[in-house]
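# Breakdown of the fold
Residue strings, one per chain:
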Amino acid sequence: MDRWGVGTVSPASVLQRRTHDTMIRASSLALLAALAAAAFGRGAFSGTVQWFVVALILVAFALALGARAVPVADLTGVFFLTGLALALWALLRAAAAGTPASGVSWALFGAGTAAVVCVCRRLDAASREMLLRGLLAVGAAVAMTGWLGVALHQRPWGLPSQGLWRAASTLTYANATAAFLVPLALVALACLTATPRSAFFSLTATSLLAGAGAALSRAGVAALAAGLLVLCLALGTRATARAAAGPVVGAGVVLLGLLPSVHAASPGRPLVAGTAAAAGLVIAVLAPRVPLPALLLPVAGAALVAVLIMVYRAPAAHSAIHTITRVRFSLSSPARSGEAAAALHLFERHPLAGVGPGHATLRWTGPGGGLRGDRVAQDRQQRAAWAGAVAGVTAFVLHSGFDFIWQVPAIPLAVGAIVGLTVLPPAAPAAGAH
């Protein structure tokens, strides 16, 4: 008997256990690297980055299989079958359209999403926690690039649209930025209900919300509202409101400081934006750590900073507010309406099999008469993470109804990781595994 009372452990068993743990950690690191590469490489939209991301996912998948075999239940799961079905459809439809090569990237994306879910299921608790925190940190970094793009008027992290600078981040697309950040923000907020004093979750939630807000995406706002409703239903309205108060207020201060830089006709104001960002992040961290009366001082200070910003940059702020209310607080979207109509015409001609990957060229007549076009994741903590993932998936599905965000692989890959980490239970070890 050894000192734990479980019998003598042979050197071979110790080596096997260490090898298993090492492979699991390496698998989680490889997967995190893949998700980071996709997020920082323009969403893995281009072919070169796609191949690099696929290679990292294959490495993670091989290491995970080496540590723990795939049970039959995994191969019949809805997420695995959905990913493989998408891959098979892409190959067959592209071949039928006479361009078989165009379906390869979509096939890799579908199979890659299924592989991400399988890898996440094979991770132990420590590796799952590391990967989830790493993914949230990647999201916060992406949000920061979008914030910088607006504050500095720096392309392509920020892009002007309809007289406004919008956060496009490393994904280089404002709506995709919101679609990527909102599910992660919901997961971070859910985790705060279980660990309200966590500075990490407070800072990441605030950053993610601010980045999503800076994208000025109407679909993103709707997706966030739907996700918050899911959190309220799953975790309780009071717990959700208490956890979200600090990050929401903090993100609001960050966005208020960014307002003078939003108007396209005005220069960027990084000093003003940076001051407000620092104040917002401090509020988010202090909110759960001090009683309400003591919190009044920093809140009042942040309010004073906000007032000074508005007074100092009143003309730019007023112009930005006017433009935002005119072009973003509206359900009208000529480009999106034209795309929808063009997509319906394609669906009428190809109702079952579609037109194939890379063949959905949508054309419509714009308002001026010109031809337009476009080419087309402890019990309380576990429950909180599960609720956050369900809320994030809800937001992702809702946003998918407004924008074709599936063409940016970083988004569904991140959602697949969230599902594998928090919704699906860990895979059972194979018989005889240590």
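Look above for the structure.
Everything numeric here is computed off the predicted structure, so don't read it as measured data.

### Some thoughts on the overall build of the protein chain
For the protein chain, the count of helices and strands is 16 helices and four strands. In the structure as shown, the protein chain presents an accessible area of about 20100 Å², 70% of it carried by carbon and sulfur atoms.

### Re empty space enclosed by the protein
In this structure, the largest cavity spans a volume of roughly 100 Å³. Those elements that place two or more of their residues in the lining of the largest cavity are helix 2 (47-67) and helix 5 (104-122). Considering only residue class, the lining of the largest cavity consists of eight nonpolar, three polar and no charged.

### What about the pairing of strand 2 (residues 164-167)?
Alternating residues of strand 2 divide into L164 and R166 and W165 and A167, and every residue in both groups is buried. In the sheet, strand 1 (residues 158-161) pairs with strand 2 via four bridges, with the strands oriented antiparallel. Of the residues in strand 2, the one forming a bridge with S161 is L164.

### Points about the environment of P247
Relative to the helices and strands, P247 resides in helix 10 (residues 237-258). By relative accessible area, P247 is classed as buried at 2%. For the pair P247 and S207, spaced 40 residues apart in sequence, the C-alpha separation works out to 8.2 Å.

### Comments concerning the packing of aromatic side chains
Think of a pair of aromatic rings as described by two things: how far the centres are apart, and how the planes are tilted against each other in angle. With the rule as written, the count across this model stands at one aromatic pair. With 5.4 Å between their ring centres and 70 degrees between their planes, F200 and F201 make a pair best called edge-to-face. The class for F200 is partly exposed, based on a relative accessible area of 25%.

### A few points about the environment of T82
Turning to its location among the elements, T82 is positioned in helix 4 (residues 78-96). In this structure the C-alpha to C-alpha distance between T82 and G110, which are 28 residues apart in sequence, comes to 7.8 Å.

### Here we look at helix 11 (residues 270-286)
With 17 residues, helix 11 ought to run about 24 Å at 1.5 Å a step, and its terminal C-alpha atoms sit 24 Å apart, in line with that. Every buried residue of helix 11 is listed here: V272, A273, A276, A277, A279, G280, I283, A284 and V285.

### With respect to the pattern of salt bridges
Counted under the stated rule, the structure contains two salt bridges. R17 is the salt-bridge partner of D21, the closest N and O atoms lying 3.5 Å from each other. Of the two residues, D21 and R17 both sit in helix 1 (residues 11-40), four residues apart, roughly one turn of that helix. Across the pair R133 and E129 runs a salt bridge whose closest N-O atoms are separated by 2.7 Å. In this pair, R133 and E129 are both assigned in helix 6 (residues 125-151), four residues apart and thus about one turn of the helix distant. On the accessibility criterion, R133 (30% relative accessible area) is partly exposed. Classification of E129 by relative accessible area gives partly exposed; the value is 36%.

### Some points on the nonpolar core
In this structure, L31, V53, L131, F180, L231 and I411 are the most contacted members of the largest nonpolar core, which totals 88 residues. With 14 residues, helix 7 (residues 174-194) is the single largest residue contributor to this core. Beyond its immediate stretch of four places on either side in the chain, F180 contacts A39, G139, V142, L171, A410, I411 and A414.

### Let's talk about the packing of helix 5 against helix 16 (residues 410-422)
Running from amino to carboxyl end, helix 5 crosses helix 16 at an angle of 25 degrees, the nearest separation of the two axes being 8 Å. Relative to helix 16, helix 5 is oriented roughly parallel. At the point where helix 5 passes helix 16, the crossing takes the right-handed sense. Where helix 5 abuts helix 16, its residues F109, G112, T113, V116, V117, C120 and R121 lie against P412, L413, G416, A417, G420 and L421.

### Quick notes on the environment of A265
Mapped onto the secondary structure, A265 falls in the loop between helix 10 and helix 11. Assessed through its relative accessible area of 68%, A265 is described here as exposed. Placed 101 residues apart in sequence, A265 and L164 show a C-alpha to C-alpha distance of 8.4 Å.

Thresholds, definitions, all that
Residues numbered from 1 in each chain as written. Predicted model: local features only at pLDDT ≥ 70, side-chain atom pairs only at ≥ 80, totals over all residues. Heavy atoms only, no water. Helix = DSSP H or I, 4+ residues; strand = E, 2+ residues; numbered from the N terminus. Areas by Shrake-Rupley, 256 points an atom, 1.4 Å probe, with all protein chains shown as cover. 1 Å grid on protein atoms, 1.4 Å probe; cavity = no way out; pocket = protein on both sides within 12 Å on 5 of 7 lines; lining within 4 Å. Points joined across faces, edges and corners; volume = space filled by probe spheres on them. Nonpolar A, V, L, I, M, F, W, Y, C, P; charged D, E, K, R; others polar. Buried < 20%, exposed > 50% of the residue type's maximum accessible area, 1.4 Å probe, protein only. Pairing = 2+ DSSP bridges. Phe/Tyr/Trp six-rings, centres within 6.5 Å; stacked < 30°, edge-to-face > 60°. Expected span 1.5 Å × (residues − 1). Salt bridge = Lys/Arg side-chain N within 4 Å of Asp/Glu carboxyl O. Core = buried A, V, L, I, M, F, W, Y, C linked by side-chain atoms within 4.5 Å. Contact = heavy atoms within 4.5 Å. Axes fitted to C-alpha atoms, helices over the stretch in contact; angles between N-to-C directions. Parallel < 35°, antiparallel > 145°, perpendicular 65-115°, else oblique. Left-handed = near helix turned anticlockwise from the far one by under 90°.

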